[in-house]
Amino acid sequence: MHAKRAFKYRFYPTDAQAAELSRTFGCVRKVFNMALAARTEAWMLRRERINYNATSAMLTAWKKTGELAYLNEVSSVPLQQALRHLQTAFTNFFSKRAKYPRFKSRKKSRKSAEYTASAFRFRLGELTLAKMAEPLEIVWSRPLPEGAQPSTVTVSQDAAGRWFVSLLVEDPDVRPLPGAETAVGIDAGLDRLLTFSTGEKITNPRHERKDRARLGKAQKELSRKVKGDGANRAKARRKVARIHARIADRRRDHLHKITTRLVRDNQTIVIEDLTVRNLMKNRKLARAISDAAWSEFRSMLEYKAEWYGREVIAVDRWFPSSRLCSKCGVLQDRMPLHVRTWTCGGCGTNHDRDENAANNLLAAGLAVSACGAGVRPQRSTPGGRSAMKQEALRREL
């Protein structure tokens, strides 16, 4: 069975298509919010749980009212999909995998609509959505798998005003790669984005910092516009969004290239289990950590490893990777933050701090893989700070 994979493309709608999609986005948001309100009210007042079938019946009734008759003007499939997404959100909430579902904001929420096979036609490389007479003008930046037929199509518009379509297809190229005998340990940081146990170092490109002046200027212009729905404020908001989109696109492209190479070349990849959410609470570090995108890097590694039959191991964040000699195993009493290279008092080996940490992570990860279970080491520093946190603090302060 081939894995399902989404292929995302940019497209340029006609005025009529843009108006139709904008109406659909609004109706999807309206139905989602009304269903969420109904389910919340039913539980708070009557301790009654409402499922997808009940909200689907409500949608049918809403369409028959004069106030909500405009819901009939758009395709019914995206509206039903919104109810299914709400059901999934509640399932994740009751399973304690997510927080309680939130209402969708007209200005801040993502604008998207999902179409199933009954609501679109894909033929000869042309995609036509329900309620539309003409196919979308899609920029096919990469080919779809040969003979692929989308099962779902998701249309979205980002804050910068760009339109995208995502096609979910079965990709025969997503299958386990031939086994490799290599393994690599990775130490993440802010100065050096990644340091490998092989000695390779990848410098942090700092995409956000490069565009910080342009971003600050655009944000200042936005702050001076009168709040409301004015055209000038909307234009200024799109300018800020375009800069953010440029930063995010470059960062994502960089991480995709790194993670793809790592997964192709190594059977086992060992990383540190960082609590990025807690680290982001530090005001002095939050901007730099967000720009480094450690969480996105890990997410890419994990799903690509699952696709191609590789293994990703996360070593406990309290493991003293920076203070432990990777040659003889002697643990240093302390490791000042300004120390970038140090000499082991036991064997006399001269260490690069980050490379030594990567080697220790690799050894710990292989040990975990061999025994099939992990052991939570003791906290490595006074006050409960991990070596990674010290590293981040040193580099930004």
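Residues numbered from 1 in each chain as written. Predicted model: local features only at pLDDT ≥ 70, side-chain atom pairs only at ≥ 80, totals over all residues. Heavy atoms only, no water.

- For the chain, the name recorded in an unreviewed UniProt entry is Transposase, with Streptomyces cyaneochromogenes as its organism.

**Here we look at the domain arrangement of the chain**
Right, on to step 1. Looking at the chain, the domain boundaries give domain 1 (3-171) and domain 2 (183-203 + 252-371).
Right, on to step 2. When each unit is reduced to the centre of its C-alpha atoms, the spacing between domain 1 and domain 2 is 39 Å. (Domains from an automatic or database assignment.)

**A look at the packing of helix H1 (residues 15-46) against helix H3 (residues 76-94)**
Right, on to step 1. The geometry of H1 relative to H3 is characterised by a closest axis approach of 9 Å and an angle of 40° between their N-to-C directions. Considering their axes alone, H1 and H3 lie oblique with respect to each other. Our pair here, H1 against H3, has a crossing hand that is right-handed. Across the interface between the two elements, Thr24, Cys27, Val28, Val31, Phe32, Ala35, Leu36 and Arg39 of H1 pack against Pro78, Leu79, Ala82, Leu83, Leu86, Gln87 and Phe90 of H3.
Right, on to step 2. Classifying every residue of the contact of H1 with H3 by side-chain character gives 12 nonpolar, 2 polar and 1 charged. (Axes fitted to C-alpha atoms, helices over the stretch in contact; angles between N-to-C directions. Helix = DSSP H or I, 4+ residues; strand = E, 2+ residues; numbered from the N terminus. Parallel < 35°, antiparallel > 145°, perpendicular 65-115°, else oblique. Left-handed = near helix turned anticlockwise from the far one by under 90°. Contact = heavy atoms within 4.5 Å. Nonpolar A, V, L, I, M, F, W, Y, C, P; charged D, E, K, R; others polar.)

**Overview of the UniProt feature "domain: Probable transposase IS891/IS1136/IS1341" (unreviewed entry) in the chain**
Right, on to step 1. When the UniProt feature table is mapped to this numbering, "domain: Probable transposase IS891/IS1136/IS1341" (unreviewed entry) covers residues 167-283.
Right, on to step 2. Secondary structure over residues 167-283 splits into 48% helix and 21% strand, and the C-alpha atoms at its two ends are 39 Å apart. (UniProt positions renumbered as here; feature names shortened; annotations may be inferred.)

**So, the pairing of strand E8 (residues 183-188)**
Right, on to step 1. Burial analysis of E8 places 5 of its 6 residues in the buried class, the great majority of the element.
Right, on to step 2. Examined bridge by bridge, E8 and strand E11 (residues 268-272) share 3 bridges and lie parallel to one another. Across the sheet, the residue bridging to Gly185 is Val270, located in E11.
Right, on to step 3. The pairing of E8 with strand E9 (residues 192-196) spans 3 bridges and is classified as antiparallel. Bridge assignment links Ile186 to a residue of E9, and that residue is Phe196.
Right, on to step 4. Between E8 and E9, which pair antiparallel one after the other, the connecting turn spans 3 residues. (Buried < 20%, exposed > 50% of the residue type's maximum accessible area, 1.4 Å probe, protein only. Pairing = 2+ DSSP bridges.)

**Remarks on the sheet that holds E11**
Right, on to step 1. If you walk across this open sheet you meet the 5 strands as E10-E9-E8-E11-E12, and the pairing is mixed. Because the sheet does not close on itself, it has two edges, and the strands there are strand E10 (201-203) and strand E12 (311-315). Strand-to-strand twist in this sheet, taken as the mean axis angle between neighbours without regard to direction, amounts to 20°.
Right, on to step 2. Seen against the sheet, helix H6 (residues 231-265) touches E8, E9, E10 and E11 and runs at an angle of roughly 5° to E9.

**Some remarks on the sheet that holds strand E5 (residues 138-139)**
Right, on to step 1. Taken in spatial order, the 5 strands line up as E2-E6-E7-E1-E5 in an open sheet, and their pairing is antiparallel. Looking along the sheet, the strands with just one partner apiece sit at the ends: strand E2 (111-116) and E5.
Right, on to step 2. Of the strand pairs in this sheet, strand E6 (residues 152-157) and strand E7 (residues 163-171) are connected by 6 bridges, and their pairing is antiparallel. Bridged to Val155 within E7 is Val165.

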